[in-house]
Amino acid sequence: MKYLSCAVVLCRPEESRNVGSVCRAMKNMGFYDLRIAGNREDFDENQVKTLALGAFDIWEKASFFSPDVAGLAEAVSDCSLAAGTTRRRGKRRKAFGLTPEQFAANVKASGSGAKVALVFGNERTGLTDEELDVCSLSVSIPTNPDFGSLNLSHAVQVILYVLSRAFDTTPRGYEPVSLSRLKSSVAVMAEDIKRIGLYKYAGGEDNARFLEEIFARAVLSEKELRRLEKLFHKISYIKTLPSGEPPEPAFFTEFSE
């Protein structure tokens, strides 16, 4: 993961299958540093492997610490920031919990490139007050108040996804065209429309502006815009042909997709 070093720390997890699912969630999002406050021998490796699928290497390289507050403190000792995940509030449970988006924004805004720890509690009881005290701040995933408890791996997936999107600079999907490119393209389309006689008297500028606004809201790709240009040009070409005269053979090659 570019520009972010993040360790996932599990405190006293009970279910081997949950640990395997966490490994899969981590690898999905590009994170590989798993730390567990618990004993490796307490887990069933076959169950971990079954749920981890192709992410069993995360488990094999995981670091283990004693299953107590001292072990958690050691697990996050090389990190500059430790975020404890919790949905509960209480006197000793931090002043407030950041949403995953707020947490990601804060980490990114620091610009320090420091290592971050995401701390997750036991599946049944979550983090204790003492474990949360080890953390720098708390993060809470907004959920249905009538059914707020998330599966451990689901919570890991949600927060890592938000972090990965905040720090991932890899272009995805397509690059939308610029407004200047759109404006020049619409000008060409408007000429094609004018050529067939639609703007013989008035309305050309208003309709060109209308097309610009519609296309801008659609956030078109370059490929989509070129296809629209060809479509308008094709219409004007066919419309201006003498009655009964077929298009030149080259026309079908030029405007084929």
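I will try to describe carefully the structure that is included in this document. All figures in this text were calculated on a predicted structure; none of them were measured in a lab.

Rules used throughout
- Here, residues in each chain are numbered from 1, in the same order as that chain's written sequence.
- Under the rules for a predicted model, residues below a pLDDT of 70 receive no local features and side-chain atom pairs below 80 are neither given nor counted, while totals for whole chains, interfaces and linings still include all residues.
- Here the side-chain values reflect all heavy atoms present in the structure, with hydrogen atoms and water set aside.
- DSSP bridges decide pairing: two strands pair if at least two such bridges lie between them.
- In this text, helices come from DSSP runs of H or I with a minimum length of four residues, and strands from runs of E with a minimum of two, each type numbered from the N-terminal end.
- It only takes one pair of heavy atoms within 4.5 Å for two residues to be counted as in contact.
- The axes are straight lines fitted to the C-alpha atoms, using for helices just the contacting stretch, and the angles between their N-to-C directions are given from 0 to 180°.
- Polar contacts here mean pairs of N or O atoms no more than 3.5 Å apart (in protein, one a potential hydrogen donor and the other a potential acceptor; neighbouring residues in sequence count only if both atoms are side-chain atoms).
- Remark: exposure states derive from per-residue accessible area (1.4 Å probe, protein chains only) relative to the maximum for the residue type, with buried under 20%, exposed over 50%, and partly exposed in between.
- The arc in question is formed by the directions pointing from the helix axis toward the C-beta atoms.
- Given a helix with a known number of residues, its expected span is that number minus one, times 1.5 Å.
- Handedness of a crossover is defined as follows: orient the strands so they point away from the viewer, and if the path from the first strand over the helix to the second runs clockwise, the crossover is right-handed.

### Quick notes on the sheet that holds strand S2 (residues 33-37)
Here comes step 1: The strand order across the open sheet built from 7 strands is S3-S2-S1-S6-S4-S7-S5, with neighbouring strands paired in parallel fashion. The open sheet terminates on both sides in strands that have one partner only, identified here as strand S3 (63-65) and strand S5 (97-98).
Here comes step 2: Packed onto the sheet, helix H7 (residues 152-167) meets strand S1 (5-11), strand S4 (81-85), strand S6 (115-120) and strand S7 (137-139) and runs at close to 155° relative to S6.

### A closer look at the environment of Asn144
Here comes step 1: Turning to its location among the elements, Asn144 is positioned in the loop between S7 and H7.
Here comes step 2: For Asn144, the side chain forms a polar contact with the main-chain nitrogen of Asp146, separated by 3.0 Å.

### Regarding the side chain of Glu131
Here comes step 1: Looking at the secondary structure, you find Glu131 in helix H6 (residues 129-134).
Here comes step 2: A polar contact of 2.9 Å, which involves the side chain of Glu131, links it to the backbone nitrogen of Thr128.
Here comes step 3: Those residues in contact with Glu131, other than ones at most four positions away along the chain, are Cys11, Arg12, Val69, Leu72 and Gly126.

### Considering helix H5 (residues 100-110)
Here comes step 1: Buried residues of H5: Pro100, Phe103, Ala104 and Val107, and no others. The buried residues of H5 occupy an angular sector of 95° when projected down its axis, which confines them to one face.
Here comes step 2: Turning to H5, the residues buried within the fold contact S4, S5, S6, S7 and H7.

### Some thoughts on H7
Here comes step 1: The end-to-end C-alpha distance of H7, which contains 16 residues, comes to 23 Å, matching closely the 22 Å that a straight helix rising 1.5 Å per residue would cover.
Here comes step 2: Where H7 is concerned, the buried positions are Leu152, Ser153, Ala155, Val156, Ile159, Leu160, Val162, Leu163, Ser164, Ala166 and Phe167.
Here comes step 3: The inward-facing, buried residues of H7 contact S1, helix H1 (16-29), S4, H5, S6 and S7.

### Some words on the pairing of S2
Here comes step 1: The element S2 is largely enclosed, with a buried count of 4 among its 5 residues.
Here comes step 2: Here S1 runs beside S2; their pairing, made up of 5 bridges, is parallel. Within S2, the residue paired with Val8 across the bridge is Leu34.
Here comes step 3: Note that the unit made of S1, H1 and S2 has a crossover that is right-handed.
Here comes step 4: In the sheet, S2 pairs with S3 via 3 bridges, with the strands oriented parallel.

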